[in-house]
Amino acid sequence: MKPKRTHILVCTGTGCVSAGAFDIMEALKTEIKKHELQDEIAVVPTGCNGFCENGPLVLFEPEGIFYRRLKVQDIPFLVEEHCLKGRPVPSLMYTPPKEKSPIPAMKDIEFFKHQKLVVLRNRGRIDPERIEDYIAFDGYMGLAKALEMSPEEIIEEVKVSGLRGRGGAGFPTGTKWQVCRDQPSTPKYLVCNADEGDPGAFMDRSVLEADPHAIIEGMIIGARAIGAEQGFIYVRTEYPLAVQRIKKAIQQAEENGLLGEGILGSDLKFTLSVVQGAGAFVCGEESALMQSIMGKVGRPKQRPPFPAQKGLWGKPTNINNVETWANIPQIILNGGEWLAGLGTENSKGTKIFSLVGKVNNTGLVEVPMGIKIREIVYGIGGGILGGRKFKAVQTGGPSGGCLPESMLDMPIDYESLKSVGSMMGSGGLIVMDDKTCMVDVARYFTDFLAHESCGKCFTCRKGLERMLEILTNICDGKGKEGDVELLEELAIMVKEASMCALGQTAGNPVLSTIRYFRDEYDAHIRERRCPAGFCKALITYSILEDKCVGCGACARACPVDAISGEKKQVHKIDADKCIKCGACAEVCKFDAIDKS
Amino acid sequence: MAKLKIQDLKRIRDESRRTVLLREGTAKAKVTVHMGTCGIAAGAREIMDQILRLVEKHNLQDVMVTSSGCAGMCSHEPMMTVEYRYTAPVKYIDLNEEKVAKIFEKHILNGEPVPEYALGVGSESMY
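Residues numbered from 1 in each chain as written. Chains lettered and ligands numbered in written order. Predicted model: local features only at pLDDT ≥ 70, side-chain atom pairs only at ≥ 80, totals over all residues.

Caption draft 1: Representation of the sheet that holds strand β8 (residues 317-321) of chain A. All names here are of chain A. Read from one edge to the other, the open sheet built from four strands follows the order β7-β6-β5-β8, with strand pairing classed as parallel. In this open sheet, the two edge strands, each paired with only one partner strand, are β7 (271-277) and β8. Between one strand and the next, the sheet's axes are offset by a mean angle of 20°, whatever the strand orientation. In this sheet, β8 lies alongside strand β5 (residues 189-194) in parallel orientation, the contact comprising five bridges. Across the sheet, C192 pairs through a bridge with N320, a residue of β8. Running over the sheet, helix α12 (residues 286-293) touches β5, β6 (230-236), β7 and β8 and is turned about 105° from β6. Each of β5 and β8 is contacted by helix α13 (residues 322-334), which is oriented at about 95° to β8, the strand it contacts most. (Pairing = 2+ DSSP bridges. Helix = DSSP H or I, 4+ residues; strand = E, 2+ residues; numbered from the N terminus. Axes fitted to C-alpha atoms, helices over the stretch in contact; angles between N-to-C directions. Contact = placed C-beta atoms within 7 Å.)

Caption draft 2: The arrangement of the domain arrangement of chain A in detail. All names here are of chain A. When its domains are assigned, chain A resolves into domain 1 (6-111), domain 2 (131-340), domain 3 (350-433), domain 4 (438-526) and domain 5 (540-595). Computed from C-alpha atoms alone, the centre-to-centre distance between domain 2 and domain 3 is 27 Å. The interface is formed by 14 residues belonging to domain 2 together with 16 residues belonging to domain 3. Residue composition of the side of domain 2 that touches domain 3, grouped by class: four nonpolar, five polar and five charged. (Domains from an automatic or database assignment. Nonpolar A, V, L, I, M, F, W, Y, C, P; charged D, E, K, R; others polar.)

Caption draft 3: Summary view of helix α11 (residues 240-255) of chain A. Residue and element names in this part refer to chain A. In a regular helix each residue adds 1.5 Å, so 16 residues correspond to 22 Å; α11 covers 23 Å between its end C-alpha atoms and thus fits that length. The set of residues buried in α11 consists of A242, V243, R245, I246, A249, I250, Q252 and A253. In this fold, the buried residues of α11 make contact with α5 (131-136), α9 (203-210), α10 (212-226), β6 and β7. (Expected span 1.5 Å × (residues − 1). Buried ≥ 20, exposed ≤ 12 C-beta atoms within 10 Å, placed from the backbone.)

Caption draft 4: Broad picture of the nonpolar core. The biggest cluster of nonpolar side chains holds 217 residues, and the ones touching the most others in it are A:I8, A:V10, A:L28, A:I215, A:I376 and B:I51. Element by element, the count of residues in this core is highest for α10(A), at nine residues. Aside from chain neighbours lying at most four places away, what touches A:I376 is A:F353, A:L355, A:V365, A:V367, A:I371, A:G381 and A:L429. Counting residues in hydrophobic clusters, the runner-up holds 12 residues, among them A:I543, A:C554, A:C588 and A:I593. (Core = buried A, V, L, I, M, F, W, Y, C linked by C-beta atoms within 7 Å.)

Caption draft 5: Main features of the sheet that holds strand β2 (residues 41-46) of chain A. Residue and element names in this part refer to chain A. Judged by pairing direction, the sheet is mixed, and its four strands sit side by side in the order β2-β1-β3-β4 without closing on themselves. The sheet terminates laterally at β2 and β4 (65-67), the two strands that pair on one side only. The average undirected angle you get between the axes of adjacent strands in this sheet is 20°. Bridging between strand β1 (residues 6-11) and strand β3 (residues 58-61) involves four bridges; their strand directions are antiparallel. Counterpart to H7 in the pairing with β3 is E61.

Caption draft 6: Examining unusual backbone geometry more closely. Residue and element names in this part refer to chain A. Between G55 and the following residue, P56, the backbone shows a cis peptide bond with an omega angle of -5°. With respect to the helices and strands, the residue P56 is situated in the loop between β2 and β3. With an omega of -5°, the peptide bond running from T186 to P187 counts as cis. Positionally, P187 belongs in the loop between α8 (173-182) and β5. Phi angles above zero are rare outside glycine, and Y140 is one such case at about 65°. With respect to the element layout, Y140 can be found in the loop between α5 and α6 (141-147). Classification of Y140 as buried rests on a count of 30 C-beta atoms within 10 Å.

Caption draft 7: Geometry of α12(A). Residues and elements named next belong to chain A. Here α12 lies mainly inside the structure; eight of its eight residues are buried. For α12, the set of buried residues is E286, S287, A288, L289, M290, Q291, S292 and I293. The inward-facing, buried residues of α12 contact β5, β6, β7 and β8. Two residues or fewer past α12, G295 is found with a positive phi of approximately 85°.

Caption draft 8: Up close: the environment of A:G20. Position of A:G20 among the secondary structure elements: in the loop between α1 (14-18) and α2 (21-34). Judged by the 15 C-beta atoms lying within 10 Å of it, A:G20 falls in the partly exposed class.

Caption draft 9: Geometry of the packing of α8(A) against α10(A). All names here are of chain A. It is the contact of α8 with α10, at a shortest axis distance of 9 Å, that shows an interaxial angle of 50°. One finds that α8 runs oblique with respect to α10. For the pair α8 and α10, contact is made by W177, C180 and R181 and by G222, A225 and I226, respectively. When its residues are assigned to classes, the contact of α8 with α10 shows four nonpolar, one polar and one charged. (Parallel < 35°, antiparallel > 145°, perpendicular 65-115°, else oblique.)

Caption draft 10: Representation of the pairing of β5(A). Residues and elements named next belong to chain A. Burial analysis of β5 places six of its six residues in the buried class, the great majority of the element. With burial as the criterion, each face of β5 is covered, one bearing Y189, V191 and N193 and the other bearing L190, C192 and A194. Pairing between β5 and β6: six bridges, direction parallel. By the bridge assignment, N193 is partnered in β6 with Y234.

Next up, the structure:
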């Protein structure tokens, strides 16, 4: 085959696809054909690059030039300039906020510079739908090595690596495998937990979409170590592209003798199937997930017995998260010591975070454990959107906690997050600025959890409902003295008396916001004031007489005609008609709208 | 498709590496053909085609071929720059099929520059 001189790598993760990546890819192919360059230039779809804020993303190799926010109409010019005439196009490159000149090379961009890719090593580099691309970058070589090792040696290697469960709880993976291997009962099952339900989290989806074979390889190695012959990947139906790619990858692995009987000519036998979940948050909890796989209602069960003892159909079952499985091939290939060299004393390796909220560069980042929150928010994330003030960061998804500015220099690892009332969770990081009301944040997450509670435990079912009621009252300006204490009492009760992890962590949003932002609760209750100016019931809009020039922009923007006034005269807002939508404040060029 | 054995896996890896090498940014030699309007008019497309054919013929896995714009010396087109591992880039001018064949043989394959066709040592910046 004639070698190509350029590979155009088009990000086709869900983020870029919704921004039109497939159209961009087609346009690139059409233009390249038009210039008869199809034999010299390849267009390759890849998994998520992580820089979702700037999608659709395209990378030209070997030059490493990175184009972002492309539109179909940009493509003819781009192809003619870059591919035909060899002139990169600066206007389509990434320019950091507050800077003037673009950064042409991907490796020089701040967002990518500080990341350490282990699990996501193939993102943006391989076509996830081609097994050859995966193999080209040492894919299935970890498995080849594992087949020459004894199961005990494999488990020992995982133990040495210090890998802990990336689903959030952080249980040592090697120990988990050992327990399951030591069970006398057979058959044994493996499960990959890809039921990622946290709002704003998309780590697992991205791995499934960018590098599905890494998960399959990890599971085959696990099968050899644990002695399982059947595995399931439990993924939510809301991830259609991820489902499609993992299914295709399984099919390719089967066709190539990497799944089924006699894997790679050895006596290893392992089959893998995909089970689609219906999107219940509680099904991410392992015992509920197993119920769901068996076709029952997804409700958690009492532990012990743990899945490793009695899991699917009463047989020993080993459940790991997507990210955990995807770490395995690398650990076997490079040795446990290699992973143990990354991270902190108790938390080894890297962690993927989905960085969202009020931050400039939202997206997916993989960083070594122990990195400071500040480095993620200000270094990789490029600081707070619109130059506003940082207020808090929510870690660990809906049942994590909100950490204030004073925690920005805390290293991120399992223990330190837990010690300050939050958790690692699956790795969501939601950044909040000074316009975010912390009571409303607690209300939002409690609302989510109350909805998603399966209802089996009374404390979780009713406790969350009552907590939501109190929080809604506070946001509506109907809070009373003693509400905060009652909330704390309820939150602790829900934590202590619920059976599964959903209930046991459901108090975190309330407890952590009370712990660090008590003054905001007090302002709502005692002064009937929302310091962030967010809770509608607690704010009134008025026009500042000394600033209003009478341009009438606000009156035109008001959807309910609540603003009146003569031309060039000070306008007025009718408080009875005002629905507090804030449209007037957005259009006013003179800062004449007061919100208090 | 046939069931793979470990040795097949290694074979596929080595074969596929060639196609994905470009995405790594590392290679023994990097050839840049100048493809500005002037270069194309003077025959840069044919030069590019010839290089790619030679790379294919020799089954090379570690040579990267890429393009760049006009270097500002339009009267000396077609031009190309050859960068052999750890050595300074050399710019060749007034190329034709015969010269390219010789440069390929000496510089790209064996790392010995061909001074009689060279303009000098160095390269303009890519962007």
